[in-house]
Amino acid sequence: NEHLVTWVGNVWDPEAYNLSTQLRATTFPFVALLICQSNRTVQIAERIQGFVEENVLMERMQIAVNAHMSVVTANQRERQRR
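Residues numbered from 1 in each chain as written. Predicted model: local features only at pLDDT ≥ 70, side-chain atom pairs only at ≥ 80, totals over all residues. Heavy atoms only, no water.

*Asks:* Quick question: what am I supposed to make of the overall build of the protein chain here?
*Replies:* Helix and strand counts for the protein chain stand at two helices and two strands. Shown N-terminal to C-terminal, the secondary structure of the protein chain runs as helices and strands in the order α-β-β-α. A principal-axis box enclosing the C-alpha atoms of the protein chain has dimensions of 40 × 30 × 20 Å. Counting only residues that meet the buried cut, the protein chain has 18% of its 82 residues in that class. Nonlocal contacts in the protein chain, meaning residues at least 24 apart in sequence, comprise 26% of its contacts between residues at least 6 apart. Accessible area for the protein chain stands at about 6,800 Å²; split by element, carbon and sulfur atoms hold 53% of it. Looking at the protein chain, you have 8 positive and 8 negative side-chain charges, and the mean spots of the two groups are 14 Å apart. (Helix = DSSP H or I, 4+ residues; strand = E, 2+ residues; numbered from the N terminus. Buried < 20%, exposed > 50% of the residue type's maximum accessible area, 1.4 Å probe, protein only. Contact = heavy atoms within 4.5 Å. Areas by Shrake-Rupley, 256 points an atom, 1.4 Å probe, with all protein chains shown as cover. Lys, Arg positive; Asp, Glu negative; His and termini not counted. Charge placed at Lys NZ, Arg CZ, Asp CG, Glu CD.)

*Asks:* Before we go on, may I ask you to explain a nonpolar patch on the surface in this structure?
*Replies:* Together, Val11, Trp12, Tyr17 and Phe28 give the surface a local cluster of nonpolar side chains, amounting to about 500 Å² of exposed area. Tracing the backbone through its elements, the reader meets Phe28 in the loop between helix 1 (14-22) and strand 1 (30-36). (Patch = residues over 30% accessible without salt bridge, like charges linked within 9 Å, V, L, I, M, F, W, Y side chains within 5 Å. Salt bridge = Lys/Arg side-chain N within 4 Å of Asp/Glu carboxyl O.)

*Asks:* What should I look at first to understand the confidence of the model for the protein chain in this one?
*Replies:* One rule of thumb: low pLDDT means the predicted coordinates there are not for detailed reading. On average, the protein chain scores 88 in pLDDT, and the residues at 70 or more come to 96%. By mean pLDDT, helix 2 (residues 54-81) is the weakest element of the protein chain at 86, and helix 1 is the strongest at 94. (pLDDT = per-residue confidence, 0-100.)

*Asks:* Just to check I follow, could you spell out the nonpolar core for this structure?
*Replies:* For soluble globular proteins, nonpolar side chains are generally found buried alongside one another. Of all hydrophobic cores here, the largest spans six residues; its members are Leu33, Ile35, Ala45, Ile48, Met61 and Ala64. For this core, the secondary-structure elements that each account for two or more residues are strand 1, strand 2 (42-49) and helix 2. Look past the residues within four positions of Ile35 in its chain and what remains in contact with it is Thr41, Val42, Gln43, Ala45, His68, Val71 and Val72. (Core = buried A, V, L, I, M, F, W, Y, C linked by side-chain atoms within 4.5 Å.)

*Asks:* Can you walk me through the pairing of strand 1 in this structure?
*Replies:* On a regular strand, one side chain projects to one face of the sheet and the next to the other, so that they alternate. Pairing analysis gives seven bridges linking strand 1 to strand 2, with the strands arranged antiparallel. Within the sheet, the bridge partner assigned to Leu34 lies in strand 2 and is Ile44. Connecting strand 1 to the next strand, strand 2, in antiparallel fashion are five residues. (Pairing = 2+ DSSP bridges.)

*Asks:* What's the story with unusual backbone geometry in this structure? I'm lost.
*Replies:* Note: most peptide bonds trans; most residues except glycine with negative phi. Note that the residue after Phe28, namely Pro29, is joined by a cis bond; omega there is 0°. Positive phi values are uncommon outside glycine, yet Arg24 reaches one of about 60°. Position of Arg24 relative to the elements: it lies in the loop between helix 1 and strand 1. Classification of Arg24 as exposed rests on a relative accessible area of 67%.

This is the structure in structure tokens:
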């Protein structure tokens, strides 16, 4: 949707490998939900490693989004204010 950016990488690609290292991914597939707290700060809201069922993935992502919605809303307000 308009509130999310999706990025997919293969760890054989240097950019994807570097990001997986920064996020400390140890098992693949690896999914991380990152929340931008500011222009320079990113927080890991959820990380899922290894294969999981689709409904488990979606449920965990939704729980993480709901838990961090106040941060996202505050950031949106700040961007609009500027």
